[in-house]
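Fold and geometry: a report
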Amino acid sequence: MTVLRTTPAEVEASLPHVVLVDLFADQLSRVRGLPTHLREALEVALLRAPAQATPRDALTIRIAVLELLRRLAGDGPVTMLIDDAQWVDEASAEVLAFAARRLGDARVTVLATERVSDGEPLTRQLCPGDTRVIAVEPLGYRGIATVLAGQGLSPSIVRRIHKASGGNPLVAVELGNALSRRDETLEDHDPLPVPGRLRSLLSDHLTGLSESTRETLLLAAAVARPSLGMLGLPVDAFDEAEQAQVIAVNGDGSVVFRHPLLRELVYADATAAQRRTAHALLMSIVEDPVERVLHLALGSAGPDEGTAALADAAAADAAARGAFASAAALSRLAAQRTPIPAGDAAARRLLAAARYADAAGQVARAREAATAALKAGQTADVRVSARLLLVDAAGQDLHGVGELLAEAGRDAVGDPRLEAQVACYAATLAYFERRYDDADAESHRAEKLARVAGDTDQIIRAIGMQATMALTMGRDDGDDLHAGAYQLAEGRPVTTATIEARQSWAMTALFRGDLRTAREEIRQLESDVRDLGLMRDLMSVLISCSAIYARSGYGAEALKTARECERLFTDAGASPAIGLTVAAGAEWCAGSAAAAISLARKAIAACEAIGDTEWLEVSCAILGQALLLSGDAPAAVMAFNRAASLEAAARSGDPAIIPWHADHVEALVHADELEAATAAFTEVRRRVSRFKRPVVRLGLERSCALHRAAGGDPAGAAEALRNAIATYGEISYPIDVARAYLILGQLERRARRRAAARVAFGEAIARFSAIGALAWLPCAQHELDKLNKGSGTLSETERQVVHLVRSGATNREIAASMYLSVKAVEAHLSRLYRRYNVRNRTDLLRILA
């Protein structure tokens, strides 16, 4: 058995790929035949080779580790031991989680211990296959934040307290009280003050220790991964501390503090001079270049441009390796070490820290660093950039954004490049506040300023906003403007502006019914964004990915991307309603109605909390669709009516953006509100013609047929819908075609044409199965079962099940063959047993024979 082991510590959690170094550095030489590009990428990540000039492809590192594990497992069982998984650095955790999801039947076992904070345990992501969890729950971050509410502590300080306390409320409260009494701000690398009450719990362990032991303990407290060998200490250097139960020395020489607060206490009790001396010594000992620069900076007595520049460079190196959280901490340290008369250098480093934190999804830290950069900034460039970053960090919460943009506009006067940036943001704000004339004017002003400045990215963004306003205000040049922005973006580097243009063009293709172009464009864009590790942009792209996959007939991919989107938005801490809404829409197609309803209601609550009417409209519409699917037409009508009211206030009208209007008509028909259904149908038909969106025409004809049947003509309605399928089926979304067949079956049954109904329901089931619309399959199957109930005729699905039973297939094999769940197969067999009064497969086959 190959045993791979790592025991990360809290102080190294910000260092990139430390855990990967622990686990795999010694394994590279054992594995033969690893493809060259994978080996080279892994050598860079494991610090066995210098970083390349261009940013590393994060996916390559993940695949390299996955392939390395597979090859090791091919030689024999592999066990990974991860002790204190909560301190696994973010970069390593992402790689290990990626591998764990794809190891399949490879002989790899993971044994991990973790101090769980809030949310899902990291160990679930790191362990492949079935996981057995033995949980002892401490307070999570939110629990600790609630306990500390009212003390005026920043989110970053609360997070530090949470980590140091391990979720213990007593420890958290004492640390919080001590910090709230401080006059000065606690920086990232300052020691936490351990107050007297906690000292009384721990000080006995330190009482009576010799000066030499305290010095070695300080070294161990200040370094990321202390060990006798790394510190150059004799085997008995920690004997006294071990006997006092302060630390434990493992068989491999690694040193572990018995409690995280003991580390904090040792470090906090040292004088500033003693800590600087320890860091200066460690700077010449540690091998990791990023950690070396960290110790150099902490070992300097005061501001020093040389040290600040090295920390700045180390931050850039960490970012190039995909470790944005480490990069943010190093940039903040670089700012602290920058001499005060150095112009705007400190502010620019704070701005870099804010950008790195934002890229890492640390919204609160990004906001803190941007605020500090704004305070220290002396030039318009820094002040404008800091304010715009604060606008980004605000997410959906627009309170105070207008004032920030007004101040940014005053700073930008006289600089066309900066003025263009501010104008683009002002146009976006005006759009979300539904001041459409202002948004249109600002977008045109932004384009003019960007052309003067020669800023192509801002030109692209300005034209993209003009396209959005054209569609919103009912002009017919919106698609052409999106095409123009896309053409400008072609061949340019991947930036936020080019991503937005390419994404908008993919969505335009979707609205036009060009599903192939939409799917190809969004797949390539998603790949490009993932390769560069652009987290904020990935969150946005996944919104479109889910919509395009769902409407073009790729339900499983839609659900997968939507769930990732929801997780990323929730983890980032800003705009969680967006991710919830996207996930609800995918569940309505490929998951379940119940999950869609739950997610949509959470999204509505999140939108209402911050007054976001833009996404509130979408989440209400999706709630209506999910309620309609569940069979609750009256509740669906209420949700749709609210969405319609919000849409009318917004003056938006393109019915292809979120195609829910036909469902609104259908819900009104089912709720017996025929007059309202007529009015809604008339309005949506007008808009379909106005915006030239034939791709949604079939959904409209479906609702029209239901309305006609409710008026007493099911046979005529069925004939009209059959003609509509023939006319519009080839240019419609696959899920709309499947739904049209479902409604056609219902109409044929009401017209007492059972054979025609059976064919229509069978076609609906086949189409829902083919596109992965798992939320709709039970509905279609239920309709067919009702039709067949009491007759000796087998449905098409039942015939397939019986055929596979006769061939000897197991329930799981039948499910895989028919794209059903095992439970669905069991339900089909149970119904057949009851219908023919038999108890098992053998009897069923005998009766049917």
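Scroll up a little and you will see the structure.
Residues numbered from 1 in each chain as written. Predicted model: local features only at pLDDT ≥ 70, side-chain atom pairs only at ≥ 80, totals over all residues. Heavy atoms only, no water.

Remarks on the overall build of the protein chain
- Along the backbone of the protein chain there are 44 helices and five strands.
- Taken against the 2.2 N^0.38 rule, which gives 29 Å for 849 residues, the C-alpha radius of gyration of the protein chain at 31 Å falls within 12% of a compact globule.
- With respect to the principal axes defined by its C-alpha atoms, the protein chain has extents near 95 × 75 × 55 Å.
- Looking at the protein chain as a whole, 53% of its 849 residues are labelled buried.
- Intrachain contacts of the protein chain at a sequence separation of at least 6 include 63% that bridge at least 24 residues.
- Here the protein chain displays about 36,500 Å² of accessible surface, and carbon together with sulfur accounts for 52% of that area.
- Each charge class in the protein chain can be summarised by its mean position, and for the 96 positive and 107 negative side chains these summaries are 6 Å apart. (Helix = DSSP H or I, 4+ residues; strand = E, 2+ residues; numbered from the N terminus. Rg over C-alpha atoms; globule rule 2.2 N^0.38 Å. Buried < 20%, exposed > 50% of the residue type's maximum accessible area, 1.4 Å probe, protein only. Contact = heavy atoms within 4.5 Å. Areas by Shrake-Rupley, 256 points an atom, 1.4 Å probe, with all protein chains shown as cover. Lys, Arg positive; Asp, Glu negative; His and termini not counted. Charge placed at Lys NZ, Arg CZ, Asp CG, Glu CD.)

A few points about helix H32 (residues 613-630)
- Compared with an ideal rise of 1.5 Å per residue, which puts 18 residues at 26 Å, H32 spans 25 Å between its outermost C-alpha atoms and is within 8% of the ideal.
- With 16 of 18 residues buried, H32 lies mostly within the body of the structure.
- Where H32 begins, the side chain of Asp-612 points an oxygen toward the backbone nitrogen of Glu-614, at a separation of 3.1 Å.
- After H32 finishes, the residue Gly-631 shows a positive phi value of roughly 100°. (Expected span 1.5 Å × (residues − 1). Polar contact = N/O pair within 3.5 Å; in protein donor to acceptor, adjacent residues only side chain to side chain.)

A word on the nonpolar core
- Leu-721, Ile-735, Leu-747, Phe-768 and Trp-776 are the most contacted members of the largest nonpolar core, which has 126 residues in total.
- Looking at which element gives the most residues to this core, the answer is H32, with 11 residues.
- When sequence neighbours within four positions are dropped, the list of residues in contact with Leu-747 reads Ala-705, Leu-706, Ala-709, Pro-714, Ala-717, Ala-718 and Leu-721.
- Core analysis: the second largest hydrophobic core is formed by 46 residues, Leu-153, Leu-175, Val-266 and Tyr-267 among them. (Core = buried A, V, L, I, M, F, W, Y, C linked by side-chain atoms within 4.5 Å.)

A few points about the sheet that holds strand E1 (residues 2-6)
- Spatial strand order, E1-E2-E3: three strands in an open sheet with parallel pairing. Of all the strands in the sheet, the pair left with one neighbour each is E1 and strand E3 (108-112). Looking at each pair of strands side by side, their axes are set apart by 15° on average, direction ignored.
- With five bridges joining them, E1 and strand E2 (residues 78-82) adopt parallel strand pairing. Each bridged residue has a counterpart across the sheet, and for Val-3 the counterpart in E2 is Thr-79.
- Along the sheet, helix H3 (residues 58-75) makes contact with E1, E2 and E3, crossing E2 at roughly 125°. (Pairing = 2+ DSSP bridges. Axes fitted to C-alpha atoms, helices over the stretch in contact; angles between N-to-C directions.)

Examining the pattern of salt bridges
- Under the defined criterion, the tally for this structure stands at 43 salt bridges.
- Arg-348 is the salt-bridge partner of Asp-381, the closest N and O atoms lying 3.7 Å from each other. Of this pair, Asp-381 sits in helix H20 (residues 380-394) while Arg-348 is found in helix H18 (residues 345-359), placing the two residues 33 residues apart along the sequence.
- For Arg-348, a relative accessible area of 41% gives the class partly exposed.
- When the shortest N-O distance is used, the salt bridge between Arg-693 and Asp-479 registers 3.0 Å. Linking Arg-693 in the loop between helix H35 (674-690) and helix H36 (697-710) with Asp-479 in helix H25 (residues 478-489), this pair joins segments that are 214 residues apart in sequence. Here the two residues Arg-693 and Asp-479 agree in accessibility, since each one is buried.
- Where salt bridges share partners, they join Arg-383, Arg-387, Glu-407 and Asp-411 into one cluster. (Salt bridge = Lys/Arg side-chain N within 4 Å of Asp/Glu carboxyl O.)

Notes on unusual backbone geometry
- Notably, Arg-434 is not glycine yet its phi reads approximately 65°, a positive angle.
- Examined against the element boundaries, Arg-434 turns out to sit in the loop between helix H22 (416-432) and helix H23 (436-453).
- If you check the backbone angles, Arg-752 has positive phi at about 65° while not being a glycine.
- Its relative accessible area of 76% is what places Arg-752 among the exposed residues.

Describing the environment of Arg-492
- Among the secondary structure elements, Arg-492 is positioned in the loop between H25 and helix H26 (496-512).
- At 3.4 Å, the side chain of Arg-492 forms a polar contact with the side chain of Asp-457.

What about the packing of aromatic side chains?
- One pass over the structure, following the stated rule, counts six aromatic pairs.
- For the pair Phe-640 and Trp-660, a centre-to-centre distance of 5.8 Å together with 5° between the ring planes defines the contact as stacked. On the criterion of sequence distance, the pair formed by Phe-640 in helix H33 (residues 633-650) and Trp-660 in the loop between H33 and helix H34 (661-670) is long-range, its members being 20 residues apart. Judged on exposure class, the residue Phe-640 and its partner Trp-660 are both buried.
- Members of the aromatic cluster, connected to one another through ring pairs, are Tyr-431, Phe-432 and Tyr-436.
- Positioned above the aromatic ring of Phe-98, the side-chain terminus of Arg-102 is 3.9 Å from the ring centre.
- One residue, Arg-523, lies across the ring of Tyr-554, its end atom 5.5 Å from the ring centre. (Phe/Tyr/Trp six-rings, centres within 6.5 Å; stacked < 30°, edge-to-face > 60°. Lys NZ or Arg CZ within 6 Å of the ring centre and 35° of its normal.)

Side note on the packing of helix H27 (residues 515-532) against helix H28 (residues 535-551)
- At their nearest, the axes of H27 and H28 sit 10 Å apart, and the two run at 155° to each other. Taken together, the axes of H27 and H28 are roughly antiparallel relative to one another. Judged by the sense of rotation from one axis to the other, the crossing of H27 with H28 is left-handed. The segment H27 lies against H28, with Leu-515, Ala-518, Arg-519, Ile-522, Arg-523, Leu-525, Glu-526, Val-529 and Arg-530 engaging Asp-537, Leu-538, Val-541, Leu-542, Ser-544, Cys-545, Ile-548, Tyr-549 and Arg-551.
- Along the lines of polarity and charge, the residues of the contact of H27 with H28 split into 11 nonpolar, one polar and six charged. (Parallel < 35°, antiparallel > 145°, perpendicular 65-115°, else oblique. Left-handed = near helix turned anticlockwise from the far one by under 90°. Nonpolar A, V, L, I, M, F, W, Y, C, P; charged D, E, K, R; others polar.)

So, the packing of helix H41 (residues 796-806) against helix H44 (residues 841-848)
- Where H41 meets H44, the closest approach of the two axes is 11 Å, and the angle between their N-to-C directions is 115°. The angle between H41 and H44 places the two elements in the roughly perpendicular class. Crossing geometry of H41 relative to H44 is assigned as left-handed. Counting all contacts with H41, which are made through Val-802, Val-805 and Arg-806, the residues of H44 involved are Arg-841, Leu-845 and Leu-848.

Regarding the side chain of Asp-663
- Within the element layout of this structure, Asp-663 appears in helix H34.
- What Asp-663 contacts, discounting residues up to four positions off in sequence, is Trp-588, Gln-625, Leu-628, Phe-640, Arg-702 and Arg-739.

Focus on the environment of Arg-530
- For Arg-530, the position within the fold is in helix H27.
- Overall, the relative accessible area of 29% leaves Arg-530 in the partly exposed class.
- Along the sequence, Arg-530 and Leu-59 sit 471 residues apart, while their C-alpha atoms lie 7.5 Å from each other.
- Apart from the residues lying within four places of it in its own chain, the contact partners of Arg-530 are Leu-538, Leu-542 and Glu-564.

Quick look at the pairing of E2
- Among the five residues in E2, four count as buried, and that is most of the element.
- Bridge count between E2 and E3: five bridges; the pairing is parallel. Residue Leu-81 lies in a different strand from E3, and its bridge partner there is Leu-111.
- In this fold, E2 hands off to helix H4 (residues 90-100), which returns the chain to E3; that crossover is right-handed. (Right-handed = clockwise from strand over helix to strand, strands pointing away.)

Here's the deal with the environment of Arg-355
- Checked against the element boundaries, Arg-355 lands in helix H18.
- On the basis of relative accessibility, which here comes to 45%, the residue Arg-355 falls in the partly exposed class.
- Remark: the alpha-carbon pair of Arg-355 and Ala-366, spanning 11 residues in sequence, is separated by 6.6 Å.
- Not counting chain neighbours up to four residues away, the residues in contact with Arg-355 comprise Ser-385 and Leu-389.

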